[in-house]
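Observations on the model geometry
Below are the chains, spelled out letter by letter.
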Amino acid sequence: MLSQLAWKQSVRILWGGRFLSSAGLTGISPFIPYYMEHLNAGATEEVLMWTGLSVSAPALSYALLTPFWGKIGDRWSRKWMVVRALVGLALSMFLMGIAQTPFQFFLFRLCQGAFGGISDASSAFVGTHAPEQKQGSALGQLERASAAGLLVGPLLGSICVNTWGSRPLLFITASLTLSFAVLASLVLTGATTHRTRTAKNKNQVSPVEQHQPSVAMLNNHEKNRDKSGIMHAFVSLITHPIARRLVIAGIIFKLVDFATFTMFTPFIREIVPSSGAAALTVGVLLAMSSVGEMVGASWWGKRNDRYAPERNLRLAGLLCGLCLLAHTLPLGVAWLLVVRFLQGFFYSALLQTVMLNVLKSSTDQNRGVRIGATNSMLMAGQIAGPSIGVLIGGIWGIPAVFLVMGTVMLIASLAVRRPAIHKRKAPIQLPLQ
């Protein structure tokens, strides 16, 4: 456990890392089509194909490798996993900046997802070093940093691209992230590794026990090694009654978010016929969601420290589902401004609450790999969401996407409840004859 001063200093570093990561990723993503044109991707169809592949590439490689990085963090160091994630993001951004073909850019986007992952690393650091009664508040602050980056990133990215072009944006982001990685390596504390703790524990036993370990010691070592494995992490999340409900709900929430996000611009274009006004309206409404997340993230984090996480998840999920249904009311853009703010406020509680439950149900030996396994499963919703949104919109119309997804979120939220605890009845003792 870190001292209070060291912990506050660590939180500032983690906050900055999450902000830079979020701002950098959202700052470049909207301009990938322009970058593909700069790389001479070809006709419009080829530009769209490479854009789609490049946008989805990080999520795929991230989902595959994040449990592995979590396992390494469990065996090595939470601190150096944070530094590794920042360095990985910086190098990926630099390589994207020097890419000469669309295929090279796609490969470097895969590297971004494979070697980045500041969200996992920072969450594991919180779970290990934050005071137990402050873990929810700490995760809320990190969620707020991501929301701030999501709000500021596209604005700063558009200014940079308009002034200097796409390549300088990548180089600037890489330089800032690498500088912050160096700062994290110097300032972050709590670098004690699991192996170091094991060695310390070994020094506390007698010399005879060191040279002649008992069968029980060997069995315990094998058991702990198995429990820190990647497959065991997935199994433990699926078999744990509360974690299973929250992770499944998190997958559904991710699916709903990306399904509605994909169809949000076409939805606004049906309300605002002018293309110029529609683009401005989309930007303002998306920004309003980010503002709601910034306001709500810390509030929900503190609430998670006081009340049961599944209770907060159910409440926030129900209110977020109602906000999605409210999109379909014909009350104009002013109404949507209020709805988007509230949706962002309520949505900011969902994923951080899922992660808090995983943190609290883990140990120092398997916390990182279980966080990685959780985020790997959450990626399923992110990958499937856009396709499902397009499918529903094509069959029943764009407003139906918000009706269906809002209903799905309501059902998923109602399904999140603490399983009943059945007390064992005492055996009936018959009187002796």
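Residues numbered from 1 in each chain as written. Predicted model: local features only at pLDDT ≥ 70, side-chain atom pairs only at ≥ 80, totals over all residues. Heavy atoms only, no water.

Aromatic ring pairs are described here by two measures, namely the spacing of the ring centres and the angle between the planes. Under the counting rule described, the total for this entry stands at 13 aromatic pairs. Look at Phe-267 and Phe-402: their rings are 4.6 Å apart centre to centre, the planes differ by 45 degrees, and that puts the pair in the tilted class. Of the two residues, Phe-267 is situated in helix α14 (residues 264–271) and Phe-402 in helix α20 (residues 398–414); the sequence distance between them amounts to 135 residues. Where Phe-345 meets Phe-346, the ring centres are 5.6 Å apart and the plane angle is 85 degrees; that geometry is what we call edge-to-face. For the pair formed by Phe-345 and Phe-346, the shared burial category is buried. In textbook terms, an aromatic cluster arises when at least three aromatic residues are bridged by ring pairs, as seen for Trp-299, Trp-300, Phe-345 and Phe-346. Stacked on the ring of Trp-69, the Lys or Arg Arg-84 has its end atom at 4.2 Å from the ring centre. Over the face of the ring belonging to Phe-264 we find Arg-340, whose NZ or CZ atom lies 4.3 Å from the ring centre. (Phe/Tyr/Trp six-rings, centres within 6.5 Å; stacked < 30°, edge-to-face > 60°. Helix = DSSP H or I, 4+ residues; strand = E, 2+ residues; numbered from the N terminus. Buried < 20%, exposed > 50% of the residue type's maximum accessible area, 1.4 Å probe, protein only. Lys NZ or Arg CZ within 6 Å of the ring centre and 35° of its normal.)

Taken together, the side chains of Leu-60, Leu-64, Leu-65, Phe-68 and Ile-383 make up a nonpolar region of the molecular surface, amounting to roughly 470 Å² of accessible area. For the nonpolar patch, the element with the most residues is helix α3 (residues 44–75), which contributes four residues. Tracing the backbone shows Leu-60 in helix α3. Judged by its relative accessible area of 46%, Leu-60 falls in the partly exposed class. (Patch = residues over 30% accessible without salt bridge, like charges linked within 9 Å, V, L, I, M, F, W, Y side chains within 5 Å. Areas by Shrake-Rupley, 256 points an atom, 1.4 Å probe, with all protein chains shown as cover. Salt bridge = Lys/Arg side-chain N within 4 Å of Asp/Glu carboxyl O.)

Turning to the environment of Ser-21, a few remarks are in order. By secondary structure assignment, the location of Ser-21 is in helix α1 (residues 4–28). Residue classification places Ser-21 among the buried positions, given a relative accessible area of 8%. Between the alpha carbons of Ser-21 and Thr-173 there is a distance of 8.9 Å; along the sequence they are 152 residues apart. In this view, Ser-21 contacts Leu-89 and Ile-118; residues no more than four positions away in its chain are not counted. (Contact = heavy atoms within 4.5 Å.)

This next bit is on the packing of α1 against helix α8 (residues 166–187). The N-to-C vectors of α1 and α8 enclose an angle of 165 degrees; their axes lie 10 Å apart at closest approach. When the interaxial angle is binned, α1 and α8 end up roughly antiparallel. In terms of crossing hand, the pair formed by α1 and α8 is left-handed. Listed contacts from α8 to Gln-9, Arg-12, Ile-13, Gly-16, Gly-17, Leu-20, Gly-24, Gly-27 and Ile-28 of α1 are Leu-169, Leu-170, Thr-173, Leu-176, Thr-177, Phe-180, Leu-183, Ala-184 and Val-187. A breakdown of the residues in the contact of α1 with α8 according to their chemical character gives ten nonpolar, seven polar and one charged. (Axes fitted to C-alpha atoms, helices over the stretch in contact; angles between N-to-C directions. Parallel < 35°, antiparallel > 145°, perpendicular 65-115°, else oblique. Left-handed = near helix turned anticlockwise from the far one by under 90°. Nonpolar A, V, L, I, M, F, W, Y, C, P; charged D, E, K, R; others polar.)

Attention now moves to the nonpolar core. Val-126, Ile-268 and Leu-313 are the most contacted members of the largest nonpolar core, which totals 78 residues. Tallying contributions element by element places helix α13 (residues 241–262) first for this core, with nine residues. If near-sequence neighbours (up to four positions away) are discounted, Leu-313 is found in contact with Leu-246, Ala-249, Phe-253, Leu-350, Thr-353, Val-354 and Val-416. Counting residues in each nonpolar core, the second largest holds 22 residues, with Val-47, Leu-89, Met-93 and Leu-169 among its members. (Core = buried A, V, L, I, M, F, W, Y, C linked by side-chain atoms within 4.5 Å.)

We now examine helix α4 (residues 78–97). Its 20 residues place the ends of α4 29 Å apart at the C-alpha level, agreeing with the 28 Å of an ideal helix rising 1.5 Å per residue. Counting buried positions along α4 yields 15 of 20 residues, so the element is predominantly enclosed. Between a side-chain oxygen at the N-terminus of α4 and the backbone nitrogen of Lys-79 the separation is 3.2 Å; the capping residue is Ser-77. (Expected span 1.5 Å × (residues − 1). Polar contact = N/O pair within 3.5 Å; in protein donor to acceptor, adjacent residues only side chain to side chain.)

Moving on, we come to the packing of α4 against helix α6 (residues 118–129). Contact geometry for α4 and α6: axes closest at 8 Å, N-to-C directions at 165 degrees. When the interaxial angle is binned, α4 and α6 end up roughly antiparallel. Relative to α6, α4 is oriented so that their crossing is left-handed. Where α4 approaches α6, its residues Arg-78, Lys-79, Met-81, Val-82, Ala-85 and Leu-86 are matched on the opposing element by Ile-118, Ala-121, Ser-122, Ala-124, Phe-125, Thr-128 and His-129. Per-class residue counts for the contact of α4 with α6 are eight nonpolar, three polar and two charged.

Next up on the list: a positive patch on the surface. There is a patch of like positive charges on the surface, built from Lys-8, Arg-12, Lys-134, Arg-144, Lys-302 and Arg-306. Of all the secondary structure elements, the ones that give two or more residues to the positive patch are α1 and α15 (275–306). Tracing the sequence through the fold places Arg-12 in helix α1. (Lys, Arg positive; Asp, Glu negative; His and termini not counted. Charge placed at Lys NZ, Arg CZ, Asp CG, Glu CD.)

In this section: the pattern of salt bridges. Scanning all chains against the criterion turns up three salt bridges. Between Arg-78 and Asp-74 there is a salt bridge, and its shortest N-O distance comes to 2.6 Å. You'll find Arg-78 and Asp-74 in the same group, each marked buried. The partner of Arg-367 in a salt bridge is Asp-364, and the shortest N-O contact between them spans 2.6 Å. Judged by its relative accessible area of 7%, Arg-367 falls in the buried class.

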